[in-house]
Amino acid sequence: MTQQAAASSDHLIGDNPLALTNRPVRPDADASRLSRFDDDRWDLTPGIFEDHSTKTSLNFEVFPVRWRMEVKEYFWLLINDETIRPLPAAQLDKRLSLRTISFASTPLSRVLAWAEEHGITSLNELSPARLDLMLADIADLDLSKGAKGMMISETRRLWAYREVVPEILRMPEPQPWLGELTRDLFAEAPQRPGNRTPRIGDETLVPLISWAMRFIDDLSADITTSFHEYCLLLQQEDRFRPPGVGRSTPGGRRQERLKRVLDQFRRDGTKLPGRTLPDGSRGIRWQHLGRLTHTLGGLHARCDQDLIRQSGLEIDDDTYLSTPCKGTINGQLWRSKPIAFDHAANLAQHLVTACFILIAYLSGMRPGEVLSLKRDCVAHDKSTGRWTVTGLRWKGATDNDGAKAVEGEQRDLPWVVHPIVARAVDVLTRLHPGTLLFPVSIRPKPLRGPAAPTNLRPGTAMTTSQVGTDIVEFIDWANTYCTENGRPDHIPSDKQGRVSPRRFRRTLAWHIVRQPRGLVAAAIQYGHVSTHITQGYAGTYASGFLDDLALEQWLERIENVDELETYLDSGGHVSGPSATELESKTRHAQAKFSGRTMPTVRQAHKLLQDPTLQVFKSRGMHCVFNKATALCTKESENGPSLGECRSACSNIARTDQDIAELRVEINALPEDPLAPAIRNHRIALVKETMARAIKHHEEAR
């Protein structure tokens, strides 16, 4: 060990410093509970400023006992040492984030467990031969490629810190595996391009978006009013009032208040709050009756049963709130009774989930950016009619030294969104009083009773995993409602599995790229065109959304090449002025990109300009784009405007599928002898143009 490392080791063991000695800590963190060096578990959450983040910690009990103290020193250096020590074969040139450091624990523990099994007492014994043995053993593990790669990465990171770590962790001077890339070490075969985050299928997405819109536009008023009534009633319970604050009463003795409530039931034609017992009979919900009379329900049960019996009121099958439901679905009331007291909070949470779904999908924000929005985030520009949303971003946010800005940063430009996103934000601000639109809970918290747990994370927003669970429950509720009410608009299960929050952003990018003129499939009725979506949703390159679009465009081009080559290989016929050019570009692109792995964002942007990939599918045709001869573009545009194709353009080529689409379009054109002559003349010209293209395609076989 170097003298510097030895001095650091003595200091750590002797002074028991804070685990987050040289890291900013959240202002709401309890300073007395911050983790220290001697603790077997270090809570890193106080150093993570994202309100939506989950608890993050390091558990040193997973490491072999003989290595544990030195591993603590190593992780303390990772957390607090500001010196940048890049990994071999990596481009990381900034300080590690706390979450990245926490991810290192499991792979490093596997590496040290391997060393224990092979009788290694110091990592200085890791000769090139033993490193090759380790590599072979890692390759045989029943782990994912990612988990194996992390074991390689953490071994390399230890080597990068070899001059400052304790002696037992100090590796020899030569670079492990000579700095070769992990994929080369494992001799991984090239992979076909693929989308690591699968999009949500239209069969699931369309009804899911429809139900989310229905909650916001049709049901939110009923749910919000009922939830507010629910919260007010909870305040009548002792556990929801601050200590020392008694129950407020509207005046009169207990029985007088009870008589007023019973008379109100009679006037409204409602029944006593009840519940259905296991044997099918009904019993009075005494606690709820006490909430209504500002007293203890047990007193009514013991002293006032005769008065209740004399009222002649029946007992209801459940405990319903007094707010009538006025919302409709397809012109019919969505509920015949008010919302039950026990269901009000759950329906309110479903409303929160519906708002998240629409904001996430129709804005293109990352899940964490949505969950961190605050109630004053929406603005409306009357001169342009645009609605905008502002918020924080963390990915790509850096400080003056180039390190991650732990507190995030405000977006330079806001997201431009559809008005329904603004309505969703408005619904959330009316639903609950919290500063964050998506707090960890909208239910009132008890102010008395057992003390709150002390191990709660500081962040007060919902986590991504929490909202993911809520989306599943939202879908279950909608499907149950459809079954109980004989509705056909169920939300089918997605073929790619659970609808996780991050899939909305990827799905939006997919629809923008693959729909003519960039229309979002599930929002065509909103009238968005590609420039509006790209400029509004994508914003600047700092948002990262344009990168998602570039990757989706790359994937679309490659998929198009695959389909065209399969068609040509099967003897498929191509017609049109660019038929030869389409076949040539397809063959060259397939030879050039066959077996190509998923590119980086920078590669995707560059490859999109490759001449062999300038083939675009449109309705009833393929555009083999050549800017010099295109009739649809302006000088400032670098791609075709597929919604403005002209039949005389020399860039057009057609396959059998394109011809089939033209036949469908011809049959769909209206024939109305009573229409104005100019309209019928225009339709006749369109039919003649399509028929001529079909005839040419068939004759040229």
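Reference entry: report on the structure contained in this document. Because the structure is predicted, anything quoted here is derived from the model rather than measured.

### Some words on the overall build of the protein
- Summing up its helical and strand segments, the protein has 23 helices and 14 strands in all.
- Expressed as a percentage of the 701 residues in the protein, the buried residues total 48%.
- For the protein, the accessible area works out to roughly 35,100 Å², and carbon and sulfur atoms hold 51% of it.

### Let's talk about the pattern of salt bridges
- Going through the model one piece at a time under the given rule, you end up with 32 salt bridges.
- The salt bridge partner of Glu-154 is Arg-157, with a shortest N-O separation of 3.0 Å. Taken together, the residues span about one helical turn, with Glu-154 and Arg-157 both in helix H6 (residues 145-160) at a distance of three residues.
- The class for Glu-154 is buried, based on a relative accessible area of 4%.
- A residue is classified by how much of its surface remains accessible, and Arg-157, at 7% relative accessible area, is buried.
- A salt bridge links Glu-581 to Lys-585; the nearest nitrogen and oxygen atoms lie 3.7 Å apart. Of this pair, Glu-581 and Lys-585 both sit in helix H20 (residues 579-593), four residues apart, which is roughly one turn of the helix.
- Overall, the relative accessible area of 38% leaves Glu-581 in the partly exposed class.
- One continuous salt-bridge network, built from bridges that share partners, spans Arg-26, Asp-28 and Asp-51.

### So, unusual backbone geometry
- Even without a glycine there, the phi angle at Trp-177 is positive, about 55 degrees.
- Within the secondary structure, Trp-177 sits in the loop between H6 and helix H7 (182-185).

### A few points about the packing of aromatic side chains
- Scanning the entire structure with this criterion turns up 17 aromatic pairs.
- Judged by centre distance (6.2 Å) and plane angle (85 degrees), the ring pair of Trp-211 and Trp-477 falls under edge-to-face. Here Trp-211, found in helix H8 (residues 202-234), pairs with Trp-477, found in helix H16 (residues 464-485); they are 266 residues apart in sequence, far enough to count as distant. In this pair, the class of Trp-211 matches that of Trp-477, namely buried.
- Here Tyr-230 and Phe-341 contribute two aromatic rings whose centre-to-centre distance is 4.9 Å and whose plane-to-plane angle is 50 degrees, an arrangement assigned as tilted. You can see Tyr-230 sitting in helix H8 and its partner Phe-341 sitting in helix H13 (residues 341-363), a full 111 residues away along the chain.
- Judged by relative accessible area, which is 10%, Tyr-230 ranks as buried.

### Focus: the sheet that holds strand E7 (residues 378-381)
- Reading across from one edge, E7-E8-E11 is the order of the three strands in this open sheet, with antiparallel pairing throughout. Of all the strands in the sheet, just E7 and strand E11 (415-417) have a single pairing partner and so form its edges. Taken pair by pair, the neighbouring strands of this sheet meet at an average axis angle of 35 degrees, ignoring direction.
- As paired elements, E7 and strand E8 (residues 386-389) share four bridges and run antiparallel to each other. If you follow His-380 over to E8, its bridge partner there is Trp-387.
- Across the face of the sheet, helix H15 (residues 419-431) comes into contact with E7, E8 and E11 while running at roughly 50 degrees to E8.

### A word on the pairing of strand E13 (residues 621-624)
- Here E13 shows no split at all, with Met-621 and Cys-623 on one side and His-622 and Val-624 on the other all buried.
- In the sheet, strand E12 (residues 615-618) pairs with E13 via four bridges, with the strands oriented antiparallel. Within E13, the residue paired with Val-615 across the bridge is Val-624.
- When E13 meets strand E14 (residues 652-653), the two strands line up antiparallel, connected through two bridges. For Cys-623, the partnering residue across the bridge sits in E14 and is Ile-652.

Calculation criteria
- Residues numbered from 1 in each chain as written.
- Predicted model: local features only at pLDDT ≥ 70, side-chain atom pairs only at ≥ 80, totals over all residues.
- Heavy atoms only, no water.
- Helix = DSSP H or I, 4+ residues; strand = E, 2+ residues; numbered from the N terminus.
- Buried < 20%, exposed > 50% of the residue type's maximum accessible area, 1.4 Å probe, protein only.
- Areas by Shrake-Rupley, 256 points an atom, 1.4 Å probe, with all protein chains shown as cover.
- Salt bridge = Lys/Arg side-chain N within 4 Å of Asp/Glu carboxyl O.
- Phe/Tyr/Trp six-rings, centres within 6.5 Å; stacked < 30°, edge-to-face > 60°.
- Pairing = 2+ DSSP bridges.
- Axes fitted to C-alpha atoms, helices over the stretch in contact; angles between N-to-C directions.
- Contact = heavy atoms within 4.5 Å.

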